[in-house]
Amino acid sequence: MTQEDKKFSYVQLLETNNLIQYVADESYWLCLTRTVQESKLYPVSAYILLSYLNAFYRYPELLRKIETRMKAEDIADRSRAMGVKLQASQMTWCLPAFYLLGRELLLSYGLLRPQDAVEDIVYVMDFWKRFQLSWQRNNGHLSNAQAGHRAQILPDRTLEVFCADLFHCQPGDRLHQAAHAFMASASQYAFLASCESRINLTNSGPYRIDAHHELLVRDFMDMAECSLPWLDGVAAKVPFNNFTVTMSVRDCHFHLIDDWGSFEANPTFTADKLAGVGLYVSDPLSDGYIPYGMGSVTELAETFEALNETLKEATNELWMRMAAWSRDQLLDAGALTYFTTAKELAHVAGVFDVSDWLEIDPRADCFRPLLNDEYGNVALAELVGKLTLPSQQRSPFTMAKFADRPVSMCTPIPYSILSGDDYIPSTGPIQAGGSSLPPKADRYRTTRGTLTLSEYNALAREHVPETCTDPYRFLCETWVKYNGHTPLADRLYQLEQRHSRTLRGRGTNPRGQ
Amino acid sequence: MTDDRYAEAPESILVEATHNAIRDLARRKLAESGGDWTGLVQGTSLTRSEVEGVERRLLGSGYRFAWSSTLSLRDRPEIYASAGGALDDATFSFRHPAAIIAPADEAGREQKGVGDNVVQFAANVMGTALYVRTSDKVLQLMREGVGKDTIAIIDDSGGTLTAPILSQFVAVICAGGTVRSHLGILTREYGIPCLMNAKLSDIRSGDRIELETSALARPVETYQTGVEVPARIWKLP
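Reading the values: the criteria
- Residues numbered from 1 in each chain as written.
- Chains lettered and ligands numbered in written order.
- Predicted model: local features only at pLDDT ≥ 70, side-chain atom pairs only at ≥ 80, totals over all residues.
- Heavy atoms only, no water.
- Helix = DSSP H or I, 4+ residues; strand = E, 2+ residues; numbered from the N terminus.
- Rg over C-alpha atoms; globule rule 2.2 N^0.38 Å.
- Buried < 20%, exposed > 50% of the residue type's maximum accessible area, 1.4 Å probe, protein only.
- Contact = heavy atoms within 4.5 Å.
- Buried area = accessible area lost by both parts, 1.4 Å probe.
- Salt bridge = Lys/Arg side-chain N within 4 Å of Asp/Glu carboxyl O.
- Polar contact = N/O pair within 3.5 Å; in protein donor to acceptor, adjacent residues only side chain to side chain.
- Nonpolar A, V, L, I, M, F, W, Y, C, P; charged D, E, K, R; others polar.
- Pairing = 2+ DSSP bridges.
- Axes fitted to C-alpha atoms, helices over the stretch in contact; angles between N-to-C directions.
- Parallel < 35°, antiparallel > 145°, perpendicular 65-115°, else oblique.
- Lys, Arg positive; Asp, Glu negative; His and termini not counted.

## As for the overall build of chain A
Step number 1: Along chain A, the regular secondary structure elements total 16 helices and 10 strands.
Step number 2: For 513 residues, the compact-globule estimate of 2.2 N^0.38 gives 24 Å, and chain A sits close to it at 23 Å.
Step number 3: The dimensions of chain A, computed from C-alpha atoms along their principal axes, are 70 × 55 × 45 Å.
Step number 4: Taking all 513 residues of chain A together, the buried fraction comes to 66%.
Step number 5: Taking all contacts inside chain A whose residues are at least 6 apart in sequence as the whole, residues at least 24 apart take part in 76%.

Now the structure itself:
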């Protein structure tokens, strides 16, 4: 590779290394403080390592394919109007971290040098940066961590609708009980459907309602027959794929929403603090959040109760299915759950392909014989917790952020490639892979009914949410601040209010004054 | 590691042995290619059978891997250390060296351990201990039902093993994880009292026990600072 052929500059490498270090530091904090995870059912650590390797070999090409249809920043703009797997943790942490940790593992195996796959690394991190900056454009940060562990994503017009349409509830009443039971069952089912991970759950906010109330937005995702093949059949009765619960909480401050979408509250959030609730569905075809069961208090309680029963039944059926799987099937399902954390990008762009997202690349599968339970546990612990792999050691003078030791989770790209050191630019094209799981049935539950993949992709390619068209797309919160009195602002707010029970047609004058 | 100024060996001997074996393979492939890294970087040099050879060599030394998923043990018992029958033993009891115990108090309660309280409740909870350690046990409970005052003792901090039956327990003791592990999150969602990261001694299935769920919930920051916030576990007379 000659200097003239290089597809990156010094500044790009500086920026890429900054992003790598940012992910490395935050990942260490998350892994140290948020979890100690094990499972008697799933070989969790082993499947996590397999997913990292699959991500390293496949993400660059899959992201490039997505951007042939739609840019990362455009997908993120659309994502703010739906509760799908394009949030924290899926995009804010998983996408860059899985990719970089796959690289780190291969560095430790001696199969890569720090300068190899540099074009892929620069591209993946740039894709992530563009997505994140767009996703978080209303608060101007790259991540929840950078925002002080807060996820203030939504615009004023969406929050106005969410707050106005909340149904009040209190401990002991039917809606309170039903909403509480639904959130517990949905969490349980989501952990199971995502093979003992948090990837199907997230929380965002908090948003201030008044001196005593905060709004938390809770998303339960990939709940129906979707692009996770193990939900075929067992999730047939789940009416929508993504559920968003808006939750007003009394006298409880959510002081932390991390990049895994987990929250901490003071005092601890318990169900008795739930003061209001709403329910929405959405997906890449829905053009925003659609209220579900929100016609009345009774209808919403009945909807939660019905969903609760459906999810309990699905949980039992899914558990029976998984308990009968072979270890290879458990390994594949877990690895694919992690690997497909970014698959919604392809659904939004209308380029989802089963062979892209639901296969283990043979280059990753090659390492399966190493991934016994013990190696999985100790290698993952060294990789993300102890930072004791050789590639993670630094000059003895180093005092790393959080760790305070001469270590870093991820290796930077050496700048010496700009002055002639050789490198291999890319891992090359993805290779035909496979999985030990039954093939995906050609059924995808969406807000426009159950579709084949071809129908789903075609509709996604046609669909442009109205707020992402001219003249609305760049009408940001700063524009609204100074132009709230204009007819254009009024139309923008009315778009958001199309499905609102209480604000429909009110525009920028929600109180009708 | 002579090509790395700062490298130290991995902490785990198994990781070191495994990675060294792969690095040996990589060096051989690189020599065969005349120093061209393309095949290694693009993942086309190594074959699955060569990687299987690494596992064979490890097992050939007599080493057997520790298992964590019971289904891993079920599928390939020959590569894992034996479970020793403890999983199905009706008289099994955890005997954690770190368990804090105390003689019977005036009410006859013997302290048999401690755990990290997930949520502070107004009162302690009492019930009958039941170890739930395998998917077969979960299946049995799905068929036969969970007793009305059952306190599950689980050594799995995940949320999947007990997914079909978790909501039926009056409380949970988990011998692993933290208050923010999946099981901790789920019990909080259900409103089920739960002690995580428990250290127990001499509690068996069928024992009547009491959990100090009125104790302070352990703040997540204390896992960094190392400050213990123990909630007690008693065997009742």
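From this point, the discussion proceeds with the structure in view.
## Digging into the interface of chain A and chain B
Step number 1: Counting from both sides, the interface comprises 79 residues of chain A and, opposite them, 75 residues of chain B.
Step number 2: Between chain A and chain B, roughly 6600 Å² of surface is buried when both sides are summed, and carbon and sulfur atoms account for 58% of that area.
Step number 3: Looking at the side of chain A facing chain B, the largest losses of area belong to Lys40, Gln188 and Trp319 of chain A, adding up to 12% of the total buried there.
Step number 4: Linking chain A with chain B are four salt bridges.
Step number 5: The interface formed by chain A and chain B contains 36 residue pairs in polar contact (both at pLDDT 80 or more).
Step number 6: Elements supplying a minimum of two residues to the side of chain A that touches chain B: α1 (10-34), α4 (90-108), α7 (174-193), β6 (263-266), α8 (297-323), α9 (327-339), α12 (362-365) and α13 (373-386) of chain A.
Step number 7: Of the residues belonging to the side of chain A that touches chain B, the class tally is 37 nonpolar, 24 polar and 18 charged.

## Some details on the sheet that holds strand β7 (residues 230-235) of chain B
Residues and elements named next belong to chain B.
Step number 1: Spatially, the seven strands close up into a barrel ordered β1-β5-β4-β3-β2-β6-β7, and their pairing is mixed. With strand direction ignored, the average angle separating the axes of adjacent strands in the sheet is 40 degrees.
Step number 2: Both strand β3 (residues 150-154) and strand β4 (residues 171-174) contribute to a ladder of four bridges, which runs parallel. Across the sheet, residue Ile153 finds its bridge partner in β4, namely Ile173.

## Quick notes on the packing of α4 of chain A against helix α5 (residues 118-135) of chain A
Each pair of packed helices gets described by two things: the angle between the helix axes and the distance between those axes.
All names here are of chain A.
Step number 1: In contact at an axis separation of 10 Å, α4 and α5 are set at 170 degrees when each is read in the N-to-C sense. Taken together, the axes of α4 and α5 are roughly antiparallel relative to one another. Along its contact with α4, which presents Met91, Thr92, Leu95, Pro96, Tyr99, Leu100 and Arg103, the element α5 presents Asp120, Ile121, Val124, Met125, Phe127, Trp128, Phe131, Gln132 and Trp135.
Step number 2: Taken together, the residues of the contact of α4 with α5 sort by class into 12 nonpolar, two polar and two charged.

## Quick word on the environment of Ser185 of chain A
Step number 1: In this fold, Ser185 of chain A is placed in helix α7.
Step number 2: Between the C-alpha atoms of Ser185 of chain A and Leu307 of chain A, which are 122 residues apart in sequence, the distance is 8.9 Å.
Step number 3: Contact partners of Ser185 of chain A, with chain neighbours within four places excluded, come to Asn308 and Lys312 of chain A together with Tyr190 of chain B.

## Considering the pattern of salt bridges
Step number 1: Applying the stated criterion across every chain yields a total of 55 salt bridges over all chains.
Step number 2: One network of salt bridges, in which partners are shared, links Glu15, Glu67, Glu73, Asp126, Lys129 and Arg130 of chain A.

## Let's talk about the side chain of Glu374 of chain A
Step number 1: Within the element layout of this structure, Glu374 of chain A appears in helix α13.
Step number 2: Buried charge without a salt bridge: Glu374 of chain A, with Arg64 of chain B as the nearest opposite-charge side chain at an N-O distance of 10 Å.
Step number 3: In this structure, Glu374 of chain A is in contact with Leu14, Tyr63, Arg64, Phe65 and Ala66 of chain B, ignoring residues within four places of it in sequence.

## Some words on the pairing of β7 of chain B
All names here are of chain B.
Step number 1: As defined by bridge partners, strand β1 (residues 110-117) adjoins β7 across six bridges and the pair is classed as antiparallel. If you follow Gly113 over to β7, its bridge partner there is Ile233.
Step number 2: Of the pairings in the sheet, the one linking strand β6 (residues 208-211) to β7 comprises three bridges and is antiparallel in character. Bridge pairing in β7 links Ile209 to Lys235.

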